[in-house]
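A closer look at the structure
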Amino acid sequence: MKIQEVRELETKELEERIETESAKLHQMKLNHTITPLENPNLIKAARRDIARMKTELRQRELNK
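What counts and how
- Residues numbered from 1 in each chain as written.
- Predicted model: local features only at pLDDT ≥ 70, side-chain atom pairs only at ≥ 80, totals over all residues.
- Heavy atoms only, no water.
- Salt bridge = Lys/Arg side-chain N within 4 Å of Asp/Glu carboxyl O.
- Helix = DSSP H or I, 4+ residues; strand = E, 2+ residues; numbered from the N terminus.
- Axes fitted to C-alpha atoms, helices over the stretch in contact; angles between N-to-C directions.
- Parallel < 35°, antiparallel > 145°, perpendicular 65-115°, else oblique.
- Left-handed = near helix turned anticlockwise from the far one by under 90°.
- Contact = heavy atoms within 4.5 Å.
- Nonpolar A, V, L, I, M, F, W, Y, C, P; charged D, E, K, R; others polar.

**As for the pattern of salt bridges**
On inspection of all chains with the given rule, the structure shows five salt bridges. With its nearest N and O atoms 3.6 Å apart, the salt bridge here joins Arg7 to Glu56. Remark: Glu56 occurs in helix 3 (residues 41-63) and Arg7 occurs in helix 1 (residues 3-8); sequence separation between them is 49 residues. One salt bridge in this structure joins Arg52 and Asp49, with 2.7 Å as the shortest N-O distance. Of this pair, Arg52 and Asp49 both sit in helix 3, separated by three residues, roughly a single helical turn. Several salt bridges converge on common partners, so that one network encompasses Arg7, Glu56 and Arg60.

**A look at the packing of helix 2 (residues 11-34) against helix 3**
Where helix 2 contacts helix 3, the two axes come as close as 10 Å, and the packing angle between them is 155°. Taken as axis vectors, helix 2 and helix 3 run roughly antiparallel relative to one another. Seen from above, helix 2 lies across helix 3 with left-handed handedness. In this structure, helix 2 contributes Thr11, Leu14, Glu15, Arg17, Ile18, Glu21, Ser22, Leu25, Met28, Lys29 and His32 to the contact, and helix 3 contributes Leu42, Ile43, Ala46, Arg47, Ile50, Met53, Lys54, Glu56, Leu57 and Arg60. A class-by-class count of the residues in the contact of helix 2 with helix 3 yields ten nonpolar, three polar and eight charged.

So this is what it looks like as structure tokens:
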């Protein structure tokens, strides 16, 4: 997910997306410990997407 896509989301939708993606990341980590993922870079990408979303959410809080 690119930063432009994140900026287009509503604040409420952004919060929901963060929760969903965090749950997916947690599940991926668990699955990876049991049986290694075919592409472990997906964990890294998911973590960065969550960070982008949290950064945008924080910027919105500070600009109010």
